[in-house]
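In case you want the letters, here they are:
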Amino acid sequence: MSKTQQRVLILFAHPSLHTSEVNKPLFEAARYQKGVTLVDLYQEYPTYNINIAQEQQRLRDHDVVIFMFPLHWYSTPSILKEWQDLVLEYGFAYGSGGTQLQDKQFMCALTAGGAEQAYRAEGFNHFTIRELLQPLEQMASLTGMQYLPPFTVFSARTAVEENRLAEHIHCWQVLLQALVNNNVNPKTLAKHNTINDFINKLKETQ
């Protein structure tokens, strides 16, 4: 019996998209993935006047929610925080009757300027990517969503000049297809720092 396909919602936040060398092509690549809905939050809400009802309906209509962004000061760009504050209301996302996000999958897809070894206890940034994203992991827990470790492009500042961009795009497309096909099991990935190793295994089976 085949698995039911999932609908994937990408909430994209990049405050200076015209300068982007990595996020923009990743965003554009996702346009061609069947089953994926793309929302550019800065384009849709340039004055931060977020349509709460519309965003809540988008969440109802999808099975997987992805925050896609460049890592800014170890967190998300500001519009994603505003989105959380307004959209994830008591009675909708948590609290009494707040079960609308129950059992949906949640993950982050991000770019980081530093190398992977910089994101560890003994590295320059002292914490892993997953540790830095713990507020979002707890958000998923509180709202009943299944958390997936983040898809992370490390050393994003030099990805183009080092000719790594095509490979990152391919990994991203492989992941999105796996999510649509419902081939990603949150339980098996529960302790992983990133989802990158899982993607590499998926590529080997293609």
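Residues numbered from 1 in each chain as written. Predicted model: local features only at pLDDT ≥ 70, side-chain atom pairs only at ≥ 80, totals over all residues. Heavy atoms only, no water.

Student: Would you explain the pattern of salt bridges in this entry?
Tutor: When the charged atoms of two side chains lie near each other, side chains of opposite charge can form a pair. Counted under the stated rule, the structure contains 6 salt bridges. If you follow the salt bridges from partner to partner, you end up with E44, E55 and R58 in one network. (Salt bridge = Lys/Arg side-chain N within 4 Å of Asp/Glu carboxyl O.)

Student: What exactly am I supposed to notice about unusual backbone geometry here?
Tutor: Excluding glycine, a negative phi dihedral is what most residues carry, and trans is how most peptide bonds are arranged. Backbone geometry places W73, a non-glycine residue, at a positive phi of 50 degrees. Structurally, W73 is set in the loop between strand 3 (64-70) and helix 4 (78-87). Of the residues examined, W73 reaches a relative accessible area of 81% and is grouped as exposed. A positive phi angle is found at D103, which is not glycine, with a value near 70 degrees. Position of D103 relative to the elements: it lies in the loop between helix 4 and strand 4 (105-111). Since its relative accessible area comes to 53%, D103 is described here as exposed. (Helix = DSSP H or I, 4+ residues; strand = E, 2+ residues; numbered from the N terminus. Buried < 20%, exposed > 50% of the residue type's maximum accessible area, 1.4 Å probe, protein only.)

Student: Can you walk me through the environment of D85 in this structure?
Tutor: Here D85 is to be found in helix 4. Classification of D85 as partly exposed rests on a relative accessible area of 46%. Along the primary structure D85 and W73 are separated by 12 residues, whereas in three dimensions their C-alpha atoms are 19 Å apart. Within polar-contact distance, the side chain of D85 engages the side chain of K81 at 2.7 Å. (Polar contact = N/O pair within 3.5 Å; in protein donor to acceptor, adjacent residues only side chain to side chain.)

Student: Could you clarify how one ought to interpret the packing of aromatic side chains in this entry?
Tutor: Where two aromatic rings form a pair, the distance of their centres and the angle of their planes describe that pair. This model, assessed by the stated rule, comprises 8 aromatic pairs. Between F106 and Y147, the ring centres sit 6.2 Å apart and the planes meet at 35 degrees, which makes this aromatic pair tilted. Note that F106 is positioned in strand 4 and Y147 in strand 5 (residues 146-147), a separation of 41 residues in sequence. An identical accessibility class is assigned to F106 and Y147; each is buried. Ring pairing ties together the aromatic residues F67, W83, F106 and Y147, which thus form one cluster. (Phe/Tyr/Trp six-rings, centres within 6.5 Å; stacked < 30°, edge-to-face > 60°.)

Student: Just to check I follow, could you spell out the nonpolar core for this structure?
Tutor: A general feature of soluble globular proteins is that nonpolar side chains tend to end up buried together. In this structure, L11, L59, F67, F69, W83, F106 and L133 are the most contacted members of the largest nonpolar core, which totals 36 residues. When residues of this core are traced back to their parent elements, those giving at least two are strand 1 (8-12), helix 2 (41-44), strand 3, helix 4, strand 4, helix 5 (129-132) and helix 6 (134-142). Sort the elements by how many residues they give to this core and helix 4 lands first, with 4 residues. Setting aside residues up to four positions removed in sequence, W83 forms contacts with L11, L41, I50, E55, L59, F67 and L88. Counting residues in each nonpolar core, the second largest holds 35 residues, with V36, V64, V153 and V174 among its members. (Core = buried A, V, L, I, M, F, W, Y, C linked by side-chain atoms within 4.5 Å. Contact = heavy atoms within 4.5 Å.)

Student: Honestly, the pairing of strand 1 in this entry has me stumped. Any pointers?
Tutor: Successive side chains on a regular strand alternate, one facing one side of the sheet and the next facing the other. In terms of residue burial, strand 1 counts as a mostly covered element, since 5 of its 5 residues are buried. Burial along strand 1 is two-sided: the face carrying V8, I10 and F12 and the face carrying L9 and L11 are both buried. Of the pairings in the sheet, the one linking strand 1 to strand 2 (residues 36-40) comprises 5 bridges and is parallel in character. If you follow F12 over to strand 2, its bridge partner there is D40. After leaving strand 1, the chain enters helix 1 (residues 23-30) and then returns to the sheet as strand 2, a path that is right-handed. Examined bridge by bridge, strand 1 and strand 3 share 5 bridges and lie parallel to one another. Note that in strand 3 the partner of V8 across the bridge is V64. (Pairing = 2+ DSSP bridges. Right-handed = clockwise from strand over helix to strand, strands pointing away.)

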